[in-house]
Amino acid sequence: MNQPSSGKRVLVTGGAGFLGSHLCDLLIREGHEVLCVDNFFTGSRTNVAHLLSHPRFELLRHDVTFPLFVEVDEIYNLACPASPVHYQHDPVQTTKTSVIGAINMLGLAKRLKIKVFQSSTSEVYGDPSVHPQTEDYWGHVNPIGPRSCYDEGKRCAETLFFDYHRQHRLRIKVARIFNTYGPRMRADDGRVVSNFIVQALQGHDITIFGDGSQTRSFCYVDDLIGGFYKFMNTGDEVTGPLNLGNPVEMTMIELASEVLAITGSKSKIRFEPLPQDDPKQRLPDISQARALLDDWQPKVQLREGLTETIRYFEAQLGGKAA
């Protein structure tokens, strides 16, 4: 293979998405070749436009529910719509992307005898009865609800990864991602950070579902992607599942207040009914990540990260808060 002597040829599925494009950036900076694969359902060519002319970057339109025959040294499998608005648009396809996509990437890794990384999710914990969530918690998930296509698809993908590991001795890394935000989020993805920012910038009411007391933790994208890379470069005995996220908990009202303060928006807060199966609390226990990833932990403070994200959306939407 034509690659730098110190670098690898790395496949990133979902590489033109929010997280995938930042991962491509990091891999290029680290001296690797990147094969970015995306079907552009939620990903965007714009996210990787700055890489298209780079000699170590290649972009391929492909759907992971179909087999992919390429020669690479490592795989990061990030392909799957990750926000309720998008994964509920075509729930059957969402499940197929998680399950068949995992089978195809595991099969490729098995053929090539290489390491494969799975971007799983905190959604495998469902509406948790344990707080904060540790990796040995099995979850509290509705298997037939409107969110199940994503939750159960990701749970099945984890099953497949660990069965390939046990049955075929495949080298795997399974990361459970908690709420992440930053530049390149889509304005229409329905996630709370992007929703609040876009509503504030456009002068619309900020919509909080429920009474606003439900909590989340928010990890800035650079911190998360750094965790991906450290995890992928641990020894083969470190398989996960491994929580990656920010262990600082806050309510939706607190988040909305912070967005209003940074944007200077005059938007009001409006409360709406809580959607079905929406978790009341979500907070990672990252003790294992700290121990296994050379003291990895999120470093970007919420105000700093929100300021960068708001700056990005101002550029996308063409102006400051109304």
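Scroll up a little and you will see the structure.
These numbers were taken from a predicted model, which means no experiment stands behind them.

**Student:** Break down the overall build of the protein chain for me, citing the residues and quoting the values.
**Tutor:** For the protein chain, the count of helices and strands is 9 helices and 13 strands. Its C-alpha atoms give the protein chain a radius of gyration of 19 Å, within 12% of the compact-globule value 20 Å for 322 residues. For the C-alpha atoms alone, the extent of the protein chain along its principal axes is close to 55 × 45 × 40 Å. For the protein chain, the residues scored as buried account for 56% of the 322 residues in total. Working note: accessible area of the protein chain is about 14,000 Å², and carbon and sulfur atoms make up 51% of it.

**Student:** Kindly report on the packing of aromatic side chains, identifying the contributing residues and their values.
**Tutor:** Evaluated as defined, the whole model comprises 7 aromatic pairs. Three or more aromatic residues joined by ring pairs make a cluster, and in this case those are Tyr 76, Phe 117, Phe 228 and Phe 231.

**Student:** I'd love a proper account of a nonpolar patch on the surface, names of residues and values included.
**Tutor:** A cluster of nonpolar residues, Ile 253, Ile 269 and Phe 271, forms a patch on the protein surface that exposes about 230 Å² of accessible area. Within the element layout of this structure, Ile 253 appears in helix H7 (residues 252–263). Using a relative accessible area of 33% as the deciding quantity, one classes Ile 253 as partly exposed.

**Student:** So, the nonpolar core: which residues are in play, and what are the values?
**Tutor:** Most often, soluble globular proteins keep nonpolar side chains buried together rather than apart. Ranked by size, the top nonpolar core spans 60 residues in total, and within it Leu 19, Tyr 76, Val 193, Phe 228, Leu 244 and Leu 255 carry the most contacts. Leu 11, Val 64, Ala 102 and Ile 114 belong to the second-largest nonpolar core, a separate cluster that totals 26 residues.

**Student:** Help me get a handle on unusual backbone geometry, residues and values and all.
**Tutor:** Omega for the peptide link from His 131 to Pro 132 comes to -10°, which places this bond in the cis form. In this model, Gly 240 is joined to Pro 241 through a cis peptide bond whose omega is 0°. Mapped onto the elements, Pro 241 comes out in the loop between helix H6 (221–232) and strand S11 (242–244). Here the phi dihedral of Phe 40 falls at roughly 65°; this positive angle occurs in a residue that is not glycine. Relative to the helices and strands, Phe 40 resides in the loop between strand S2 (33–38) and strand S3 (57–61).

**Student:** Got a sec to walk through H7? Specific residues and values, please.
**Tutor:** The end-to-end C-alpha distance of H7 is 17 Å, a good match for the 16 Å that 12 residues give at a rise of 1.5 Å each. Listed as buried for H7 are Met 252, Leu 255, Ala 256, Glu 258, Val 259, Leu 260 and Thr 263. The elements touched by buried residues of H7 are helix H5 (192–202), strand S8 (206–209), strand S9 (215–217), strand S12 (249–251), strand S13 (269–272) and helix H9 (302–317). Looking one or two residues past H7, Gly 264 carries a phi angle of roughly 70°, positive in sign.

**Student:** Describe in detail the pattern of salt bridges, supporting the description with residues and values.
**Tutor:** Summed over all chains, the structure comprises 19 salt bridges. Here Arg 166 ties to Asp 163 by a salt bridge, and the two come within 2.9 Å at their closest N and O atoms. Here the residue Arg 166 and the residue Asp 163 both occupy positions in helix H4 (residues 148–168), the gap between them amounting to 3 residues, near one helical turn. As a salt-bridge pair, Arg 303 and Glu 258 come within 2.9 Å of each other at their nearest N and O atoms.

**Student:** Talk me through the pairing of strand S1 (residues 9–13); I want residue IDs and the actual numbers.
**Tutor:** Among the 5 residues of S1, 5 are classified as buried, and the element is accordingly described as predominantly covered. Residues Arg 9, Leu 11 and Thr 13 of S1 are buried on one face, and the alternating residues Val 10 and Val 12, pointing to the opposite face, are buried as well. For S1 and S2, the ladder comprises 5 bridges, and the chain directions are parallel. Within S2, the residue paired with Val 12 across the bridge is Cys 36.

**Student:** Got a sec to walk through the packing of H7 against H9? Specific residues and values, please.
**Tutor:** Between H7 and H9, whose axes approach to 10 Å, the crossing angle comes to 60°. Taken as axis vectors, H7 and H9 run oblique relative to one another. The way H7 lies across H9 gives a crossing that is right-handed. Taking contact as the criterion, the partners of Leu 255, Glu 258, Val 259, Ala 261, Ile 262 and Thr 263 in H7 are, on H9, Leu 302, Arg 303, Leu 306, Thr 307 and Ile 310. Classifying every residue of the contact of H7 with H9 by side-chain character gives 7 nonpolar, 2 polar and 2 charged.

Cut-offs used in this document
- Residues numbered from 1 in each chain as written.
- Predicted model: local features only at pLDDT ≥ 70, side-chain atom pairs only at ≥ 80, totals over all residues.
- Heavy atoms only, no water.
- Helix = DSSP H or I, 4+ residues; strand = E, 2+ residues; numbered from the N terminus.
- Rg over C-alpha atoms; globule rule 2.2 N^0.38 Å.
- Buried < 20%, exposed > 50% of the residue type's maximum accessible area, 1.4 Å probe, protein only.
- Areas by Shrake-Rupley, 256 points an atom, 1.4 Å probe, with all protein chains shown as cover.
- Phe/Tyr/Trp six-rings, centres within 6.5 Å; stacked < 30°, edge-to-face > 60°.
- Patch = residues over 30% accessible without salt bridge, like charges linked within 9 Å, V, L, I, M, F, W, Y side chains within 5 Å.
- Salt bridge = Lys/Arg side-chain N within 4 Å of Asp/Glu carboxyl O.
- Core = buried A, V, L, I, M, F, W, Y, C linked by side-chain atoms within 4.5 Å.
- Expected span 1.5 Å × (residues − 1).
- Contact = heavy atoms within 4.5 Å.
- Pairing = 2+ DSSP bridges.
- Axes fitted to C-alpha atoms, helices over the stretch in contact; angles between N-to-C directions.
- Parallel < 35°, antiparallel > 145°, perpendicular 65-115°, else oblique.
- Left-handed = near helix turned anticlockwise from the far one by under 90°.
- Nonpolar A, V, L, I, M, F, W, Y, C, P; charged D, E, K, R; others polar.

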